[in-house]
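# Structural overview
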Amino acid sequence: MRSETGGVTRKNDEYMNTKIAPTKVKTALVLPGGGARGAYQVGVVKAIAEIIGREQNPFPIICGASAGAINAAVLASRANEFAYGISQLEKFWGEIRCKDVYRTDGLTILATLSRLMGAVLFGVFGASPPKSLLDNRPLEQLLRRSTRLDGIESAINSGQLDGVSITASAYTTANAVSFFQGKVDRVEWQRTRRRGLRQDIKIEHLLASAALPFLFPAQKIRNQYYGDGGLRMVAPLSPAIHLGAERILIIGTRDRRTVSEPAAPVAYPSMAELGGYLLDTIFMDNLDADISRLKRINHTLSLLDDEQLQRTSLRTIKTLEILPSVDVRDITKEHAGSIPPSVRYLLKAIGGWGSDWRMPSYLLFEAAYTKTLMDLGYQDAFSQNSQIKEFFEVD
């Protein structure tokens, strides 16, 4: 599926833009979250690099949240050697196992369930619940082994990168905070419940952005705790625009197929099903709404004549969106058997097994599944070959 839209920038408002040299269009890459579904984005980026025939980084602005934050950070840190950055992501996702992201041993899962039950039964006596259902300390170790974030500053200094943004949600202040590292003329911003904060991107920013609510523990940065970047971000395109984007390419992790009304009464949704719906909302619903907002404003602009356009501070921002052509949950069902037995037991305990497969689709960090998603992304991008060439103005 695809959609091409235009959007706008407005001075002193949501879509404020930075002055850009007229001879070079600033293209941003926006990577929303999706847990294990983030592998899809790697296949798309690989295909785009082949379609446009560019060895150099085609995205001077890269923004990510949750799993998209990890992809964004790796691409930004390798902007001086873009093809190598893609190969590193292929290796990262092509060899990943659930145990590389969170602890899967039976004792850890059993201890988590025991603490959860103990808090329910004995909370009045001071028993505390676990911080999260899963322990993601293995992910921190994996990221420290496989990422080289000092490459971000080198890419900025060489001119291959204007800026990178990693968004996380601050639990205390209830703000979406976009931590960004970029050229000196990129300034911090403040909007209602959203903030752009200049900081060198580090592993803790990635862990904070990828801290799926309830599933992974919050990450402390300075004086407060942060969770998944999609929780509070109601304008996911905003960081890219603040960093100077003139056109934006978005790689989503969910298709847009319409689900028909059930012909018969369905069962009450389980805890895991509700959690899956929440994750869908966090990762894609706000992004869909933000793109729709750009469409509406751009349509309004199209109704103005040249004289009226000259009197307004609005301007168009071209966008291209690439989404999975199939329901990722169908692929999840095919590969669900590779989830470790202990995690399968946990999912069954909260009603997340054998129903709609939403929750497992975010947690199935197994190579057979992630490779299938990368292949799907690669194929979906090539199916939009002409749209991608038009977007990048490639003959």
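Preceding block: the structure.
In this report, we go over the structure that sits alongside the text. (Residues numbered from 1 in each chain as written. Predicted model: local features only at pLDDT ≥ 70, side-chain atom pairs only at ≥ 80, totals over all residues. Heavy atoms only, no water.)

## With respect to the overall build of the chain
- Within the chain one finds 16 helices and 11 strands.
- The dimensions of the chain, computed from C-alpha atoms along their principal axes, are 70 × 50 × 40 Å.
- For the chain, the residues scored as buried account for 57% of the 395 residues in total.
- Sequence separation of at least 24 residues holds for 78% of the intrachain contacts in the chain that already meet a minimum separation of 6.
- Both charge centroids of the chain, one from 48 positive and one from 42 negative side chains, sit 5 Å from each other. (Helix = DSSP H or I, 4+ residues; strand = E, 2+ residues; numbered from the N terminus. Buried < 20%, exposed > 50% of the residue type's maximum accessible area, 1.4 Å probe, protein only. Contact = heavy atoms within 4.5 Å. Lys, Arg positive; Asp, Glu negative; His and termini not counted. Charge placed at Lys NZ, Arg CZ, Asp CG, Glu CD.)

## Thoughts on helix H3 (residues 82–94)
- In this model H3 runs 18 Å from its N-terminal to its C-terminal C-alpha over 13 residues, within 8% of the 18 Å that 1.5 Å per residue would give.
- Three or more residues of H3 are buried, namely Phe 82, Gly 85, Ile 86, Leu 89, Phe 92, Trp 93 and Gly 94.
- In this fold, the buried residues of H3 make contact with helix H1 (39–52), helix H2 (67–77), helix H6 (137–146) and helix H15 (367–383). (Expected span 1.5 Å × (residues − 1).)

## Points about the layout of surface pockets
- There is about 530 Å³ of room inside the second largest pocket.
- Considering the residues around the second largest pocket, the lining is formed by 20 residues, among which Val 259, Tyr 277, Arg 329, Asp 356 and Arg 358 are closest to the centre.
- If you tally residues by element for the lining of the second largest pocket, the top one is helix H10 (residues 271–302), at four residues.
- A breakdown of the residues in the lining of the second largest pocket according to their chemical character gives six nonpolar, two polar and 12 charged. (1 Å grid on protein atoms, 1.4 Å probe; cavity = no way out; pocket = protein on both sides within 12 Å on 5 of 7 lines; lining within 4 Å. Points joined across faces, edges and corners; volume = space filled by probe spheres on them. Nonpolar A, V, L, I, M, F, W, Y, C, P; charged D, E, K, R; others polar.)

## Quick look at empty space enclosed by the protein
- Under the counting rule described, the total for this entry stands at three cavities of 30 Å³ or more.
- Space inside the largest cavity adds up to approximately 180 Å³.
- Around the largest cavity, the lining comprises 18 residues; the ones closest to its centre are Leu 31, Pro 32, Ala 65, Met 233 and Pro 236.
- Elements with a minimum of two residues in the lining of the largest cavity: strand S2 (27–31), strand S3 (61–65) and H10.
- Take the lining of the largest cavity: its biggest share by element is four residues, from H10.
- Here the lining of the largest cavity is built from residues that sort into 11 nonpolar, six polar and one charged.
- What the second largest cavity holds in volume is close to 110 Å³.
- Together, 13 residues line the second largest cavity, and Ala 67, Ile 70, Leu 139, Ala 210 and Phe 365 are the ones closest to its centre.

## Here we look at the pairing of strand S4 (residues 163–170)
- Most of S4 is tucked away, with eight of its eight residues classed as buried.
- Of the two faces of S4, the one holding Gly 163, Ser 165, Thr 167 and Ser 169 and the one holding Val 164, Ile 166, Ala 168 and Ala 170 are both buried throughout.
- Sheet analysis places S3 next to S4, joined by five bridges and oriented parallel. Bridged to Cys 63 within S4 is Ser 165.
- Here S4 runs beside strand S5 (residues 175–182); their pairing, made up of eight bridges, is antiparallel. When the bridges of S5 are listed, Gly 163 appears paired with Gly 182. (Pairing = 2+ DSSP bridges.)

## Let's talk about the nonpolar core
- Formed by 109 residues in total, the largest nonpolar core has its most connected members in Trp 93 and Ile 248.
- Looking at which element gives the most residues to this core, the answer is H1, with 10 residues.
- In this view, Trp 93 contacts Gly 35, Ala 36, Gly 38, Ala 39, Val 42, Ala 67, Asn 71, Phe 365, Ala 367, Thr 370 and Met 374; residues no more than four positions away in its chain are not counted. (Core = buried A, V, L, I, M, F, W, Y, C linked by side-chain atoms within 4.5 Å.)

## Quick look at the packing of H1 against H15
- Remark: H1 packs on H15, axes separated minimally by 6 Å, with the N-to-C direction vectors making an angle of 40°. Where H1 crosses over H15, the handedness of that crossing is right-handed. Where H1 approaches H15, its residues Ala 39, Tyr 40, Val 42, Gly 43, Val 44, Lys 46, Ala 47, Glu 50 and Ile 51 are matched on the opposing element by Thr 370, Leu 373, Met 374, Leu 376, Gly 377, Tyr 378, Asp 380, Ala 381 and Phe 382.
- Class assignment of the residues belonging to the contact of H1 with H15 gives a composition of 12 nonpolar, three polar and three charged. (Axes fitted to C-alpha atoms, helices over the stretch in contact; angles between N-to-C directions. Left-handed = near helix turned anticlockwise from the far one by under 90°.)

## Comments concerning the pattern of salt bridges
- According to the stated counting rule, one finds 20 salt bridges in the structure shown.
- Across the pair Lys 46 and Glu 90 runs a salt bridge, and its minimum N-O distance is 3.0 Å. With a gap of 44 residues between them, Lys 46 in helix H1 and Glu 90 in helix H3 connect regions that are remote in the sequence.
- Owing to a relative accessible area of 27%, Lys 46 belongs among the partly exposed residues under this scheme.
- The class for Glu 90 is partly exposed, based on a relative accessible area of 29%. (Salt bridge = Lys/Arg side-chain N within 4 Å of Asp/Glu carboxyl O.)

## What to know about unusual backbone geometry
- Unusually for a residue other than glycine, Ala 174 sits at a positive phi of about 55°.
- The backbone of Glu 393 shows a phi angle near 60°, a positive value even though the residue is not glycine.
- Tracing the sequence through the fold places Glu 393 in the segment after helix H16 (385–391).

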